[in-house]
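A closer look at the structure
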Amino acid sequence: MAEEITAVPAPERSSIAETGSITAHTARGTVHCITIVGQIEGHMELPAQNKTTKYEHVLPLLAKLEESDEVNGVLFLLNTVGGDVEAGLAIAELIAGMTKPTVSIVLGGSHSIGVPLAVAARRSFAVPSAAMTIHPVRMSGTVIAAPQTYNYFQRLQDRIVAFVSSHSQITAQKFQALMLKKDDMAADVGSVVYGEEAVSLGIIDQVGGLSDGLQCLYRQIEEAKADHNKIAEELKASEQDEKE
């Protein structure tokens, strides 16, 4: 008789369906996994047939995970075409500001505003087949007051460049050059880089998949626990000295 497979509990099924996230409890620590997929939705709701990552789901979830005593680390799985710049930057800034151990893995692709999301974690990985498209900020529709709009776009682009360069090993100048490259894409300005190339350029920390990312995250968790225990011992010793 085939071994019976235990179904995923209803609360976890609901979490996967609503936020694309799930919590795994192991002997080495508790890891919460978040997927960032499809298009990063901004202030306008996208059509129902679009796969999206909603910032109003992700932002409070990250705040909750940061304050949770039950979760030791967060794993981000990315396969996104990009999307709303400011929504993407908001998520990336919140990830970068977490004190919990964090690891990101680029699977498939992390394009456009997906690049800052990929580098926001403490350690970033990309599978060899992963792709990342780097291009200038775009806008569709009518543009009013062109010089002012261009200035706004330039400042927004500078924010992206500054974030990526401050959370990875690539310089701002080198990333800007990739963004404005003219001979890489037939119908656009910019660059497409793949797993190993992204690492050699300093955008991503390491080529690797799920097992590599998890091992790195568990190492971070062990280090965090050791630091916490050390602080607790020092505090206890200090309190003992005061009593004496």
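The shown structure was predicted, so the numbers you read here are calculated from the model rather than taken from an experiment. (Residues numbered from 1 in each chain as written. Predicted model: local features only at pLDDT ≥ 70, side-chain atom pairs only at ≥ 80, totals over all residues. Heavy atoms only, no water.)

What follows covers the side chain of Ser191. The topology assignment puts Ser191 in strand β8 (residues 191-194). There is a polar contact of 2.6 Å between the side chain of Ser191 and the backbone oxygen of Leu178. Not counting residues up to four positions away in its chain, the partners in contact with Ser191 are Met132, Thr133, Ile134, Leu178, Lys181, Asp184 and Met185. (Helix = DSSP H or I, 4+ residues; strand = E, 2+ residues; numbered from the N terminus. Polar contact = N/O pair within 3.5 Å; in protein donor to acceptor, adjacent residues only side chain to side chain. Contact = heavy atoms within 4.5 Å.)

All right, on to the pairing of strand β1 (residues 21-26) then. Both β1 and strand β2 (residues 29-41) contribute to a ladder of six bridges, which runs antiparallel. Bridged to His25 within β2 is Thr30. Hairpin connection between β1 and β2: a loop of two residues separates the two successive antiparallel strands. (Pairing = 2+ DSSP bridges.)

Let us look at helix α3 (residues 85-96). For α3, spanning twelve residues, the distance from its first C-alpha to its last is 16 Å, which sits close to the expected 16 Å at 1.5 Å a residue. Among all positions of α3, only Val85, Ala87, Gly88, Leu89, Ile91, Ala92 and Ile95 are buried. Packing partners of the buried residues in α3 comprise β2, α2 (55-67), β4 (73-83), α4 (114-119) and α5 (146-166). Among the residues of α3, the N-terminal cap falls to Asp84, whose side-chain oxygen and the backbone nitrogen of Glu86 are separated by 3.3 Å. (Expected span 1.5 Å × (residues − 1). Buried < 20%, exposed > 50% of the residue type's maximum accessible area, 1.4 Å probe, protein only.)

Okay, the pattern of salt bridges next. Think of it this way: side chains of opposite charge can pair up when their charged atoms draw near. Scanning all chains against the criterion turns up three salt bridges. A salt bridge links Glu222 to Arg28, with the shortest nitrogen-to-oxygen separation between them at 3.0 Å. Here the residue Glu222 occupies a position in helix α8 (residues 210-243), and Arg28 occupies one in the loop between β1 and β2, the gap between them amounting to 194 residues. You can call Arg28 partly exposed: its relative accessible area is 31%. (Salt bridge = Lys/Arg side-chain N within 4 Å of Asp/Glu carboxyl O.)

Looking now at the nonpolar core. Soluble globular proteins tend to bury their nonpolar side chains together. Phe76, Ile95, Ile160, Phe175 and Ile203 are the most contacted members of the largest nonpolar core, which totals 47 residues. Breaking this core down by element, the ones donating at least two residues are β2, α2, β4, α3, α4, β7 (131-134), α5 and α6 (172-179). Those residues in contact with Phe76 that sit more than four places away from it in its chain are Ile34, Ile36, Leu62, Ile95, Met98, Thr102, Val103, Ser104 and Ile105. Membership of the second largest hydrophobic core comes to eleven residues, among which are Leu77, Ile105, Phe125 and Leu217. (Core = buried A, V, L, I, M, F, W, Y, C linked by side-chain atoms within 4.5 Å.)

Moving on: the packing of α2 against α3. In the contact formed by α2 and α3, the axes pass within 10 Å of each other and the chain directions differ by 10°. Classified by the angle their axes make, α2 and α3 are roughly parallel. From α2, Tyr55, Val58, Leu59 and Leu62 reach across to α3, where they touch Ala87, Ala90, Ile91, Leu94 and Ile95. Tallied by class, the residues present in the contact of α2 with α3 amount to nine nonpolar, no polar and no charged. (Axes fitted to C-alpha atoms, helices over the stretch in contact; angles between N-to-C directions. Parallel < 35°, antiparallel > 145°, perpendicular 65-115°, else oblique. Nonpolar A, V, L, I, M, F, W, Y, C, P; charged D, E, K, R; others polar.)

Confidence along the protein chain averages 87 in pLDDT terms, with 87% of residues attaining 70 or more. Within the model, the stretch residues 1-6 combines pLDDT values under 50 with zero contacts to residues more than four positions away or in other chains. (pLDDT = per-residue confidence, 0-100.)

If you trace the backbone, His167 turns up in the loop between α5 and α6. Judged by its relative accessible area of 31%, His167 falls in the partly exposed class. Ignoring anything within four residues of it in the chain, the contact list for His167 reads Ala96 and Val119. In this structure the side chain of His167 is engaged in a polar contact, spanning 2.9 Å, whose partner is the backbone oxygen of Phe163.

Structurally, the position occupied by His135 is in the loop between β7 and α5. Judged by relative accessible area, His135 falls into the buried class, the value being 12%. A polar contact is formed between the side chain of His135 and the side chain of Ser112, at a distance of 3.1 Å.

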